[in-house]
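Spelled out from the first residue to the last, the chains are:
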2 protein chains.
Amino acid sequence: MIQEYNPQEEGRLMEDVRQRGIVFIGAGNVATHLAKALSGRGFRIAQVYSCTEDAAQALAAVLDAPCTTDLSAVIPDAALYIVALRDEAFVRLLPEIVAGKEDALWVHTAGSIPMQVWEGHVRRYGVLYPMQTFSKQREVDFAHIPLFVEAVSETENRLLKELAALLSDKVYEADSVQRKSLHLAAVFACNFTNHLYAVAEELLTKYGLPFEVMLPLIDETARKVHRLSPRQAQTGPAVRYDRNVMEAHLQMLAGEPAWQELYRLLSDGIHRMASEEINNTKQP
Amino acid sequence: MIQEYNPQEEGRLMEDVRQRGIVFIGAGNVATHLAKALSGRGFRIAQVYSCTEDAAQALAAVLDAPCTTDLSAVIPDAALYIVALRDEAFVRLLPEIVAGKEDALWVHTAGSIPMQVWEGHVRRYGVLYPMQTFSKQREVDFAHIPLFVEAVSETENRLLKELAALLSDKVYEADSVQRKSLHLAAVFACNFTNHLYAVAEELLTKYGLPFEVMLPLIDETARKVHRLSPRQAQTGPAVRYDRNVMEAHLQMLAGEPAWQELYRLLSDGIHRMASEEINNTKQP
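Residues numbered from 1 in each chain as written. Chains lettered and ligands numbered in written order. Predicted model: local features only at pLDDT ≥ 70, side-chain atom pairs only at ≥ 80, totals over all residues. Heavy atoms only, no water.

Trainee: Go over the interface of chain B and chain A, please, and point to the residues and values.
Mentor: Listed per partner, the contact involves 96 residues of chain B and 96 residues of chain A. Carbon and sulfur atoms make up 69% of the area that chain B and chain A hide from each other, which totals about 9100 Å². Where chain B touches chain A, the interface holds four salt bridges. One salt bridge in this structure joins Arg-138 of chain A and Glu-220 of chain B, with 2.6 Å as the shortest N-O distance. At the boundary of chain B and chain A, one finds 28 residue pairs in polar contact (both at pLDDT 80 or more). Breaking the side of chain B that touches chain A down by element, the ones donating at least two residues are helix H4 (87-98), helix H6 (176-206), helix H7 (215-224), helix H8 (230-233), helix H9 (237-240), helix H10 (243-252) and helix H11 (257-282) of chain B. (Contact = heavy atoms within 4.5 Å. Buried area = accessible area lost by both parts, 1.4 Å probe. Salt bridge = Lys/Arg side-chain N within 4 Å of Asp/Glu carboxyl O. Polar contact = N/O pair within 3.5 Å; in protein donor to acceptor, adjacent residues only side chain to side chain. Helix = DSSP H or I, 4+ residues; strand = E, 2+ residues; numbered from the N terminus.)

And the structure:
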């Protein structure tokens, strides 16, 4: 359903967002960082909703905005509503969330929820997915966070891209299938990676060593893939399939069967990719 | 077997290393980067041995040093021999490597091989383990690489620490058990992490997206654990145990059973650690 693009309409919409402000549905990590970034670019956050009183108040205080824990008390006259809830809560509450505000522009921030979730509920909608790991204890610079935009029509698409470009120099369009794969890839490259850091920390603690000795290695591992593809950058006993080392490591993990299983699976994956590389190189 | 420490003896040994030079047994990634770093600090690399002609010549050329592929042609009069071979080759060739050079100082660079491997073969020995991921295509700055030192006696220990301190500002002592756990932790935090980057790259490629969109997230994931512990830094669907997202991800991985298994194991690990955190916080 692509509508014809109208630049005057887009200018009017951005002005409308500036005037009537933005409501945040959700006050978790994504909502907190995105709301702060928008507020920092001069947008007025008109209200914050969260089902958790503490979360609603904490974010509202930072933004100098009113807050509510009652969905029916969410103001109906904002120009843009940004929903950043857990996926499950969002889908469950959707009809209640949009009730009486069907003419506003609605955006969600979830990697794995297709844009079509809005269909039949509201008319003007889209997605603004910031691909980053947000923790409340840590400030982030939005300027370099990739923002992925999708919208129901060209007018909304341009508006969201313009809005995103005010926050970041990395704005992309991505459809719902691409966004879902981005989210899955991000789970591997960020969430799972961080868990491996946590395993490393536990192993070091067990032997009286501080986690900080690991930081130069962690940094270099991340820096390397700016220049080499991850396949080229791979090192370690599994790529050489050094059985002695791997057996010794598995023995050290004897008390942690889940980590042994992880060690085997990851080593096999590394070895499989390394073998493919060699075979590819050997081909004429 | 701790001998009494003698500062004069140590000064004489360092002078000896400078005069008679260092031989590298091995010309792989670790040997290449360590030899270059030592050469850059004014040490003379007297010879390079590798069983692979190309590797021996490539490293020797950079160092302006002679090379050999014949163990019996390794010169006997260097002051320090640094062995950086695959673990399996090192252990197998050890008697042949040291033959006729039993009075020199011998050092290996392997994380997982105990120092005692030298016992009964040579008299003066130790370990210099640089904990970093080395690829030949990529220069590294040795100045911030953690170097872990162990030696058979106090004199050799001080010499190796002094040598290490010329290369890096991060020199630690670690015994063989600690070093083995460092190596295991490094496999998780570096080798396995890099494999997760490689999985992410394949997923993105499949959906027509460039790996580079992942770099800001990878960088922030690494930066975060400089300030927060990995447990505190954990985010994503598994920490919330968002079943809808996790099920959708597993479906997207349907063609890759090994990645599905990895997804399940890592998600369970994340959830287990997150539950422990909550329980710990709840305790009085």
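Trainee: Any chance you could break down helix H2 (residues 29-40) of chain B for me, citing the residues and the numbers?
Mentor: Residue and element names in this part refer to chain B. An ideal rise of 1.5 Å per residue puts 16 Å on 12 residues; H2 measures up with 17 Å between its terminal C-alpha atoms. Each element contacted by the buried residues of H2 is listed here: strand S1 (22-25), strand S2 (45-49), helix H3 (53-63), strand S4 (80-83), strand S6 (124-130) and helix H5 (154-167). Backbone geometry just after H2 places Gly-42 at a positive phi near 90°. (Expected span 1.5 Å × (residues − 1).)

Trainee: If you had to explain the relation of the copies chain B and chain A to someone new, which residues and values would you point to?
Mentor: One copy of the chain maps onto the other through a rotation about an axis followed by a shift along the same axis. For these two chains of identical sequence, chain B goes onto chain A by a turn of 180° and a shift of 0.0 Å along the axis, with RMSD 0.0 Å. Put plainly, the chains are arranged around a two-fold axis. Of the C-alpha atoms belonging to chain B, the one lying closest to the rotation axis is found on Thr-193 of chain B, 2.6 Å away. Take the interface residues of chain B: 100% of them recur as interface residues in chain A, which is what a same-surface contact looks like. (Least-squares fit on C-alpha atoms with pLDDT ≥ 70 in both.)

Trainee: Describe the sheet that holds strand S3 (residues 67-68) of chain A, with residues and values.
Mentor: Sheet strands pair by backbone hydrogen bonding; their relative direction is either parallel or antiparallel. Residue and element names in this part refer to chain A. One open sheet accounts for eight strands, arranged S3-S2-S1-S4-S5-S6-S7-S8; its pairing is mixed. This sheet does not close on itself; its edge strands, each paired only once, are S3 and strand S8 (171-173). Two strands pair when backbone bridges link them, and strand S1 (residues 22-25) and strand S2 (residues 45-49) are joined in this way by four bridges, in the parallel orientation. Looking at the pairing, Val-23 lines up with Gln-47 of S2. Docked against the sheet, helix H4 (residues 87-98) engages S1, strand S4 (80-83) and strand S5 (105-108), running at close to 165° with respect to S5. Strand contacts of helix H5 (residues 154-167): S4, S5, strand S6 (124-130), strand S7 (147-151) and S8, with the helix running at about 165° to S7, the strand carrying the most contacts. (Pairing = 2+ DSSP bridges. Axes fitted to C-alpha atoms, helices over the stretch in contact; angles between N-to-C directions.)

Trainee: An account of the packing of helix H7 (residues 215-224) of chain A against H7 of chain B is needed here, citing residue identities and associated values.
Mentor: Angle between the axes and distance between the axes are the two parameters that describe a pair of packed helices. Where H7 of chain A meets H7 of chain B, the closest approach of the two axes is 9 Å, and the angle between their N-to-C directions is 175°. Here H7 of chain B runs roughly antiparallel to H7 of chain A, going by the angle between their axes. Contacts from Ile-218, Asp-219 and Ala-222 of chain A in H7 of chain A reach Ile-218, Asp-219 and Ala-222 of chain B in H7 of chain B. Looking at the contact of H7 of chain A with H7 of chain B residue by residue, the class counts come to four nonpolar, no polar and two charged. (Parallel < 35°, antiparallel > 145°, perpendicular 65-115°, else oblique. Nonpolar A, V, L, I, M, F, W, Y, C, P; charged D, E, K, R; others polar.)

Trainee: How would you sum up the pattern of salt bridges? Please name residues and give values.
Mentor: Residue and element names in this part refer to chain A. As enumerated under the stated definition, the model contains 28 salt bridges over all chains in all. The closest approach of N and O atoms between Arg-20 and Asp-16, which form a salt bridge, is 2.7 Å. Taken together, the residues Arg-20 and Asp-16, both in helix H1 (residues 7-20) and four residues apart, mark about one turn of the helix. Close ionic contact of Lys-170 with Asp-169 constitutes a salt bridge, the shortest N to O distance being 3.9 Å. For Lys-170, a relative accessible area of 26% corresponds to the partly exposed category. (Buried < 20%, exposed > 50% of the residue type's maximum accessible area, 1.4 Å probe, protein only.)

Trainee: Would you mind going over the sheet that holds S6 of chain B in detail, with residue names and values included?
Mentor: All names here are of chain B. Pairing in this open sheet of eight strands is mixed, and the strands run S3-S2-S1-S4-S5-S6-S7-S8 from one edge to the other. Each edge of the sheet is formed by a strand with only one pairing partner; in this case those strands are strand S3 (67-68) and strand S8 (171-173). Relative to S6, strand S5 (residues 105-108) runs parallel, the two sharing four bridges. From the neighbouring strand, Trp-106 faces S6, where its bridge partner is Tyr-125. Set on the sheet, H4 makes contact with S1, S4 and S5; between it and S5 the angle comes to about 165°. Contacting S5, S6, strand S7 (147-151) and S8, H6 runs over the sheet at an angle of about 25° to S6.

Trainee: Residues and numbers for the side chain of His-183 of chain A, please.
Mentor: Relative to the helices and strands, His-183 of chain A is located in helix H6 (residues 176-206). When its relative accessible area of 12% is taken as the criterion, His-183 of chain A is described as buried. Among the polar contacts made by the side chain of His-183 of chain A, one reaches the side chain of His-249 of chain B at a distance of 3.4 Å. For His-183 of chain A, the contacting residues outside a window of four places in its chain are Gly-111, Ser-112 and Tyr-129 of chain A together with Pro-237, Val-245 and His-249 of chain B.

Geometric values such as these leave the question of function open.
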